[in-house]
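# Fold and contact review
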Amino acid sequence: MGTQESNEETSGTGRRALLGAAVLTAGGAVLGMTGTARADGSRHGGSGGLKSLPKPTIVGHRGASGYRPEHTLGSYQLALDLGADIVEAGDLVPTKDGHLVCRHEPEIGGTTNVADHPEFADRKKTKLLDGVSTTGWFAEDFTLAELKTLRAIERIPANRPHNTLYNGRWEIPTFEEVLKWQDDQTRKRGKQVWIYPELKHPTYFRKQGLPLEERVAKVLRKYRKDRRTSPVIIQSFEPTSIERLNKLVDNPLVVLLSSADTRPWDFVETGDPRTVADLVKPAGLREIASYAQGIGPTLDLVIPRDAKGNLTQPTTLVPDAHKVGLILHPWTLRNENPFLPANFRKGTDADAYGDVFGAYKAYFATGIDGVFTDQPDTGLLARETFVNG
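Right, let's walk through the structure included here. (Residues numbered from 1 in each chain as written. Predicted model: local features only at pLDDT ≥ 70, side-chain atom pairs only at ≥ 80, totals over all residues. Heavy atoms only, no water.)

## Brief notes about the overall build of the protein
Worth spelling out the cut-off: A run of H or I in DSSP becomes a helix once it reaches four residues, and a run of E becomes a strand once it reaches two; helices and strands are each numbered from the N terminus. Relative accessibility decides the category of a residue: with a 1.4 Å probe and only protein chains considered, values under 20% of the type maximum give buried, values over 50% give exposed, and everything between is partly exposed. The contact criterion used throughout is that any non-hydrogen atoms of two residues lie within 4.5 Å. We get accessible surface area from the Shrake-Rupley algorithm with a probe of 1.4 Å; when it comes to residues, only the shown protein chains can shield them.
When helices and strands are counted, the protein shows 14 helices and 13 strands. Looking at the 389 residues of the protein, the share that counts as buried comes to 57%. Considering only contacts in the protein between residues 6 or more positions apart, those separated by 24 or more positions represent 69%. Counting every atom, the protein has about 15400 Å² of accessible surface; 52% of that belongs to carbon and sulfur.

## A closer look at the nonpolar core
Spelled out, the test is: Among the buried residues, those of types Ala, Val, Leu, Ile, Met, Phe, Trp, Tyr and Cys that are joined through side-chain atoms within 4.5 Å form a nonpolar core.
Core analysis: the biggest nonpolar cluster contains 83 residues, and Phe175, Ile234 and Ile295 have the highest contact counts within it. With sequence-adjacent residues up to four places away left out, Ile234 is seen in contact with Pro197, Leu199, Val216, Leu220, Ile242, Leu245, Val249, Asn251, Pro252, Leu253 and Val254. Counting eleven residues, the second-largest nonpolar core is a separate cluster that includes Leu53, Phe237, Leu256 and Trp331.

## Side note on the sheet that holds strand β7 (residues 194–195)
The line we're drawing: Between any two strands, at least two bridges found by DSSP are needed for them to pair.
A sheet is described by the order of its strands in space; here four strands give the open sequence β7-β2-β1-β13, paired in parallel fashion. The two strands at the open ends of the sheet, each matched to only one other strand, are β7 and β13 (370–373). Pairing geometry for strand β2 (residues 86–87) and β7, over two bridges, is parallel. Bridging from a neighbouring strand, Ile86 pairs with Trp194 of β7.

## Structural notes on the pairing of strand β6 (residues 132–136)
Pairing analysis gives five bridges linking strand β5 (residues 125–129) to β6, with the strands arranged antiparallel. Its bridge partner being in β6, Leu129 is matched across the sheet by Val132. Where β5 folds back onto β6 in an antiparallel hairpin, the turn is made up of two residues, including Asp130, whose phi is positive at roughly 50°.

## Looking at unusual backbone geometry
For the bond from Lys55 to Pro56, the omega torsion is -5°, close enough to zero to count as cis. Position of Pro56 among the secondary structure elements: in the loop between α1 (6–9) and β1 (57–60). The omega torsion of the bond from Trp331 to Thr332 falls at -15°, within 30 degrees of zero and hence cis. Despite not being glycine, His201 has its phi angle at roughly 45°, a positive value. Take His201: it is sitting in the loop between β8 (198–199) and α5 (202–207).

## Focus: helix α2 (residues 73–81)
The complete set of buried residues in α2 reads Gly74, Ser75, Tyr76, Leu78, Ala79 and Leu80. Among the structural elements, β2, β4 (100–102), α4 (175–189) and α14 (376–388) are those in contact with the buried residues of α2. With its phi angle positive at about 105°, Gly83 sits one or two positions after the end of α2.

## Regarding the side chain of Gln293
Here is the rule: Side-chain atoms alone can form a polar contact between residues adjacent in sequence; in general such a contact is a pair of N or O atoms within 3.5 Å, and within protein one must be able to donate a hydrogen while the other accepts it.
Within the element layout of this structure, Gln293 appears in the loop between α10 (282–289) and β11 (294–297). A polar atom in the side chain of Gln293 sits 2.8 Å from the backbone nitrogen of Leu253. Apart from residues no more than four positions distant in its own chain, Gln293 is found in contact with Leu50, Arg228, Asn251, Pro252, Leu253, Gly325, Leu326 and Ile327.

Printed below as a string of structure tokens:
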């Protein structure tokens with residue numbers, strides 16, 4: 001996900017992670033799954049499309065970012081090992097020389113050790129990123145070779161100090177490296193591995209002469225992963241970017257939706273007055289369904305919170321979206337107290353885990369088709385409990 005969820009991500013102060021909580025088979029699947037979570041899993045060599053995925057689908061958010069620095073091959077690998085159905089492998093931004101790399105944002109000062117490289121000190125700049133003044137180092141000011149000299153670090157160390165153990169261990173992966181990794185893991189595991197890349201700030205990059213959609217389409221075609229049954233779902237917060245992609249590839253496409261009172265940045269740039277509140281109305285959903293297969297709403301669009309941060313009653317978004325044939329993969333569930341609705345927090349320790357299983361149950365009960373989570377093992381256990389009653 002993008003800057004649209006920055007408030008959600010920076011409100012916490014710590015983490016306590018217990019790996020291996022899920023009971024896993026050698027292939028990374030949760031034992032004991034029955035009911036709606038069972039699906040016709042595709043074998044090596046092909047994919048059954050979106051219908052082949054278990055429901056509710058567990059998406060490893062930037063890998064297993066609750067346990068490893070996000071958007072690294074280490075985080076992606078752990079997400080698979082913990083049993084994630086899909087790995088969000090790739091928030092895609094371009095380099096100066098046109099390669100696609102996986103970073104949460106164009107600004108890389110918070111996710112790499114670039115500040116420790118004196119040779120890049122003069123690259124630090126202040127730019128206007130979707131209307132927000134942002135200071136740091138930007139991926140588009142570096143060649144791929146230069147970025148490969150950097151190493152990833154934990155983006156929110158105050159929330160997840162244990163992840164800092166892995167600072168400096170992994171480099172920045174390219175999108176092509178991720179696609180090769182996907183094929184390698186599919187062969188090794190004997191089951192199709194799915195990925196869920198996101199196009200970051202398409203309007204921003206198009207204005208710089210670095211359009212994302214054409215680059216993504218070219219790479220997908222190169223690896224023969226541009227088809228409707230390809231195990232690559234593509235998402236973006238900008239609806240017009242997804243419309244553009246719909247003309248370039250046949251992959252499943254998803255429009256990400258932030259809070260109801262926000263406007264997608266491409267709408268701001270083109271003078272489209274509609275907000276997300278307009279897009280989640282039946283007419284807006286019908287329009288999205290004309291070029292996409294799903295939506296990725298913030299969880300608050302599914303069940304709003306009151307002034308105290310407690311969950312209220314579900315909106316009609318899930319049935320409304322299903323009525324026009326759209327799937328819903330909302331974001332993002334995290335185990336830590338500060339990220340949970342207030343009525344699912346436990347005690348006063350901001351670093352402790354709350355009643356995340358209760359939160360999963362509430363969201364699953366709305367009929368969502370899946371969810372992004374920083375801790376895929378927890379999500380799989382929650383699904384098992386929900387499906388088995």
